[in-house]
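# A structural walkthrough
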Amino acid sequence: NTHPETSPSHFLTFSLSPNPAAQEAWLDLSATEGLPCAVYLLDVRGALVQQHPVAQTTAAGLFRLDLEGLPTGLYFVQVQVAGQRAEMLKLVVERL
């Protein structure tokens, strides 16, 4: 049995910038240290908008979220590490 307090993904933290964002946002996944992860973009109702299995990040551990074509509003970025939900971040998409 894996308890949430001892799960490796429980201790991982991620950052998202810029926020608010217009065309793209960068998610810092360096804390995953090469563990398999996936990124899900959900709208404010919880509907899946984008799904990304992360095979590769930049050398700095950054992953690019393409926001082009998305309506303005509030979204949630869910990160799963090794199949377990690690964190949910709020993302605001704004157009100038």
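Here we summarise the structure given alongside this text.

Another aspect to go through is the overall build of the chain. A count of helices and strands for the chain gives 0 helices and 7 strands. Helices and strands appear in the chain in the N-to-C order β-β-β-β-β-β-β. Long-range pairs, those at least 24 residues apart, make up 57% of the contacts in the chain with a sequence separation of at least 6. When the accessible surface of the chain is summed, it comes to about 5900 Å², and 53% of that surface belongs to carbon and sulfur atoms.

The subject of this paragraph is the pairing of strand S2 (residues 24-28). Only one face of S2 is buried: it carries Ala25 and Leu27, and the other face, with Glu24, Trp26 and Asp28, is open. Connecting strand S1 (residues 15-17) to the antiparallel partner S2 that follows it, the hairpin turn spans 6 residues.

All right, on to the sheet that holds strand S7 (residues 84-93) then. Overall, antiparallel pairing links the 4 strands, which are arranged S4-S3-S6-S7 in an open sheet. Where the open sheet ends on each side, the last strands, each with one partner, are strand S4 (48-54) and S7. Strand-to-strand, the axes of this sheet are offset by a mean angle of 20 degrees, without reference to chain direction. Pairing of strand S3 (residues 37-43) with S4, which is carried by 6 bridges, proceeds in the antiparallel orientation. Among the inter-strand pairings, Leu42 is bridged to a residue of S4, identified as Leu48.

A few words now on the nonpolar core. Grouped together as the largest cluster of nonpolar side chains are 23 residues, with contacts concentrated most on Phe14, Leu27, Leu29, Leu67, Val77 and Leu91. Residue assignment for this core shows that the elements contributing at least two residues are S2, S3, strand S5 (62-66), strand S6 (73-81) and S7. Not counting the four nearest positions on each side in its chain, Leu91 is found in contact with Leu16, Pro18, Asn19, Ala21, Ala25, Leu41, Leu67, Gly73, Leu74, Tyr75 and Val77.

Okay, the pattern of salt bridges next. A complete count under the given rule lists 2 salt bridges for this structure. Between Glu24 and Arg64 there is a salt bridge, with its nearest N and O atoms 2.5 Å apart. Here Glu24 is found in strand S2, whereas its partner Arg64 is found in strand S5, with 40 residues between them in sequence. Look at Glu24 and you get partly exposed, because its relative accessible area is 29%.

Cut-offs used in this document
- Residues numbered from 1 in each chain as written.
- Predicted model: local features only at pLDDT ≥ 70, side-chain atom pairs only at ≥ 80, totals over all residues.
- Heavy atoms only, no water.
- Helix = DSSP H or I, 4+ residues; strand = E, 2+ residues; numbered from the N terminus.
- Contact = heavy atoms within 4.5 Å.
- Areas by Shrake-Rupley, 256 points an atom, 1.4 Å probe, with all protein chains shown as cover.
- Buried < 20%, exposed > 50% of the residue type's maximum accessible area, 1.4 Å probe, protein only.
- Pairing = 2+ DSSP bridges.
- Axes fitted to C-alpha atoms, helices over the stretch in contact; angles between N-to-C directions.
- Core = buried A, V, L, I, M, F, W, Y, C linked by side-chain atoms within 4.5 Å.
- Salt bridge = Lys/Arg side-chain N within 4 Å of Asp/Glu carboxyl O.

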